[in-house]
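Given next are the chains, with one letter for each unit.
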Amino acid sequence: TVGKVIECKAAIAWDAKQPLEVATVSVDPPQAGEVRIRIMATALCHTDSYTLDGHDPEGLFPCILGHEAAGIVESVGEGVTSLAVGDSVIPCYQANCGSCIFCKHPKSNLCTAVRQYTGKGVMKADGKTRFHCRGRDIYHFMGTSTFSEYTVVHEVSVAKINPEAPLEKVCLLGCGVATGWGAVYNTAEVQPGQSVAVFGLGSVGLAVIEAAQRAGATEIVAIDTNPDKFKLAKEWGATKCINPKDHDKPIQQVLIESSPDGWGYDATFECIGHVEVMKAALEAAHRGWGQSVVIGVAAAGQELHTRPFQLVTGRQWKGTAFGGYKSREQVPGLVELYLKGETKLDKYVTHAFDFDKINEAFDLLHSGKSLRTVLTF
Ligand code: NAD
Ligand code: AHE
Ligand code: ZN
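Residues numbered from 1 in each chain as written. Chains lettered and ligands numbered in written order. Predicted model: local features only at pLDDT ≥ 70, side-chain atom pairs only at ≥ 80, totals over all residues.

Each helix and strand counted, the protein chain has twelve helices and 17 strands in total. The C-alpha radius of gyration computed for the protein chain amounts to 20 Å, which stays within 12% of the reference 21 Å derived for 377 residues, consistent with globular compactness. By its C-alpha atoms, the protein chain is 65 × 40 × 40 Å across when sized along the principal axes. Counting every position in the protein chain, which comprises 377 residues, the buried fraction comes to 51%. Look at the contacts in the protein chain between residues 6 or more apart in sequence, and 71% of them connect residues 24 or more apart. (Helix = DSSP H or I, 4+ residues; strand = E, 2+ residues; numbered from the N terminus. Rg over C-alpha atoms; globule rule 2.2 N^0.38 Å. Buried ≥ 20, exposed ≤ 12 C-beta atoms within 10 Å, placed from the backbone. Contact = placed C-beta atoms within 7 Å.)

Shown next, in the form of structure tokens:
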């Protein structure tokens, strides 16, 4: 059966640094290996704002942003076997085909099945986009484009989840919260009794704190230049909060001096996207064995630097995409964890708006007054 084009509401990023336009778009039917999803809830992550601000080397315009969402399968393309109409799903920007060398390797989630296409804003089947508006093709973003009532996604990028899950909450497992948890469990593998330092207290940083506490870290220091974030960080499990602006010394020095044994932290996490903070985080890691995990996404052209001596003396610099989770295999399990009531997921949803107010949701993210705003249509 040949599906029909759907006309629906979407937020279009016509160009960098411009507000989104909520407009009617046409969404083509899914081609071979694709599914069309009705997005029931989408949140905003800092990465959407980073790309909209023109900092992403892969940013293409006009496009439909959005990558943290949940929805229901509306129709499936030819050859799709793992999903059916009506399934509850989370679209995942890290695909998980299960058969590429990255999917087969136990240490990686960086599936290559569709990555070259998602990076170019098009679909694999024909190299084209499924979105059109006023005679123009609109690029996809991160293979998800969830700022649209309907989106088309590769089958390999869709996690099928428990139909009981509230989509306006579990949408957060499509990026930020899952990433913070995974950075702790999969990337740093934080152990009971360890000390942890977390830079940046948005949803990603708070999710790191949540998981670090769960993993048994006994010292969790939270760092942010916005002191309004400290109340939340304490609630989430931080044992100490530090504002770098309150100190004349570099933050890494402040941290090392106040660390449990005076030699730094077992694991540090950068959840901001600033290379200077990444350097501080690496240098605050424990001499001999400390690990520093880069989660934040830095602007095009930025590079890391530190004295190589920092690594020679045993600090390890790591990074993570989506917390290392293999998306289709592991996101359903994260949803189950939430359904058991064992997470703080609900608390990251600080605002819930009608989709039309998407630009206000971006303003809230920039102001530091929201963690996640969830938009519904
Ligand atoms: P957010 O904007 O909600 O939080 C960022 C926090 O950093 C804010 O609390 C802000 O006050 C703080 N901050 C800014 N500058 C600071 C500084 N110099 N020192 C200390 N604190 C500072 O963002 P988020 O949605 O939590 O995302 C955090 C970062 O993680 C972003 O760079 C995002 O692009 C990235 N990200 C990466 C992945 C991944 O897979 N690697 C996944 C999700 C998000
Ligand atoms: N496209 C950018 C990099 C952006 C980036 O690093 N994205 C993260 C996810 S951020 C989610 O909020 C990521 O997973 N990267 C690995 C990947 O395969 O995209 C660039 O520099 O070109
Ligand atoms: Zn994100």
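With that settled, consider the site of ligand 1. Every one of the 33 residues lining ligand 1 counts as a neighbour, but H46, G200, G202, V204 and G273 are closest to it. For the shell around ligand 1, the secondary-structure elements that each account for two or more residues are α1 (46-52), α5 (176-188) and α6 (203-214). Residues belonging to the shell around ligand 1 are distributed by class as follows: 16 nonpolar, 15 polar and two charged. (Near = placed C-beta within 6 Å. Nonpolar A, V, L, I, M, F, W, Y, C, P; charged D, E, K, R; others polar.)

A separate point is unusual backbone geometry. Going from F61 to P62, the amide bond is cis rather than trans, its omega being -5°. Take P62: it is sitting in the loop between α1 and β4 (68-76). Located in the positive-phi region is M142, a residue other than glycine, with phi close to 55°. Checked against the element boundaries, M142 lands in the loop between β7 (136-138) and β8 (150-154). Overall, M142 belongs to the buried group, with 26 C-beta atoms counted inside 10 Å. Unlike most non-glycine residues, S145 shows phi in positive territory, near 45°. With respect to the element layout, S145 can be found in the loop between β7 and β8. A count of 33 C-beta atoms within 10 Å places S145 in the buried class.

You can read the domains of the protein chain as domain 1 (6-174 + 344-376) and domain 2 (180-320). Taken residue by residue, the interface counts eleven residues in domain 1 and eleven residues in domain 2. The biggest single contributor to the side of domain 1 that touches domain 2 is α1, with three residues. (Domains from an automatic or database assignment.)

One open sheet holds the four strands; their spatial order is β1-β2-β6-β7, and the pairing between them is antiparallel. Single-partner strands in this sheet number two, and they are β1 (6-12) and β7. Adjacent strand axes in the sheet meet at a mean angle of 45° when their direction is disregarded. Bridge count for strand β2 (residues 21-27) against strand β6 (residues 131-133) is two bridges, and the pairing is antiparallel. When the bridges of β6 are listed, V27 appears paired with F131. (Pairing = 2+ DSSP bridges. Axes fitted to C-alpha atoms, helices over the stretch in contact; angles between N-to-C directions.)

What follows deals with helix α11 (residues 327-339). Helix length check: α11, at 13 residues, gives a terminal C-alpha distance of 18 Å against a target of 18 Å (1.5 Å per residue), a fit within 8%. Of all the positions in α11, only S327, R328, Q330, V331, L334, V335 and Y338 are classed as buried. Check the buried side of α11 and you find it contacts β5 (88-91), β9 (158-160), α4 (167-170) and α5. Positive backbone phi, at 80°, marks G341, one or two positions downstream of α11. (Expected span 1.5 Å × (residues − 1).)

Below, the discussion takes up the site of ligand 2. The full set of residues close to ligand 2 is C45, T47, D56, P57, E58, L110, R115, C175, V297, A321 and F322. Residues that form the shell around ligand 2 fall into these classes: seven nonpolar, one polar and three charged.

Mapped onto the elements, E270 comes out in strand β13 (residues 267-270). Aside from chain neighbours lying at most four places away, what touches E270 is F199, G200, V277, M278, A281, V294, I295 and G296.

So, about helix α12 (residues 358-367). Of all the residues in α12, the buried ones are I358, A361, F362 and L365. End-on view of α12: buried residues confined to an arc of 100°, all on one side of the axis. Across α12 from its buried face, at more than 90 degrees, point the exposed residues H366 and S367. Where α12 is buried, its residues meet β1, β2, α1, β16 (349-354) and β17 (372-376). Looking one or two places after α12, you find G368, whose phi comes out positive at around 80°. (Arc of directions from axis to C-beta.)

To continue, consider the nonpolar core. Residues I64, V170, V198, V208, I209, F269 and V331 are the most contacted members of the largest nonpolar core, which totals 114 residues. Residue contributions to this core peak at seven residues, all from α6. The two domains that each donate at least three residues to this core are domain 1 (6-174 + 344-376) and domain 2 (180-320). The contacts of F269, once residues within four sequence positions are left out, are A183, V198, F199, V208, A281, V293 and I295. (Core = buried A, V, L, I, M, F, W, Y, C linked by C-beta atoms within 7 Å.)

A separate point is the UniProt feature "domain: Enoyl reductase (ER)" (unreviewed entry) in the protein chain. What UniProt calls "domain: Enoyl reductase (ER)" (unreviewed entry) maps, in this numbering, to residues 15-375. Note that residues 15-375 is 26% helix and 22% strand, and that its end C-alpha atoms are spaced 22 Å apart. (UniProt positions renumbered as here; feature names shortened; annotations may be inferred.)

What follows deals with the environment of E149. The residue E149 is located in the loop between β7 and β8 in this model. For E149 and A41, which are 108 residues apart along the polypeptide, the C-alpha to C-alpha distance reads 9.0 Å. In contact with E149, not counting residues within four places along its chain, are C8, K9, A10, R38, I39 and F377.

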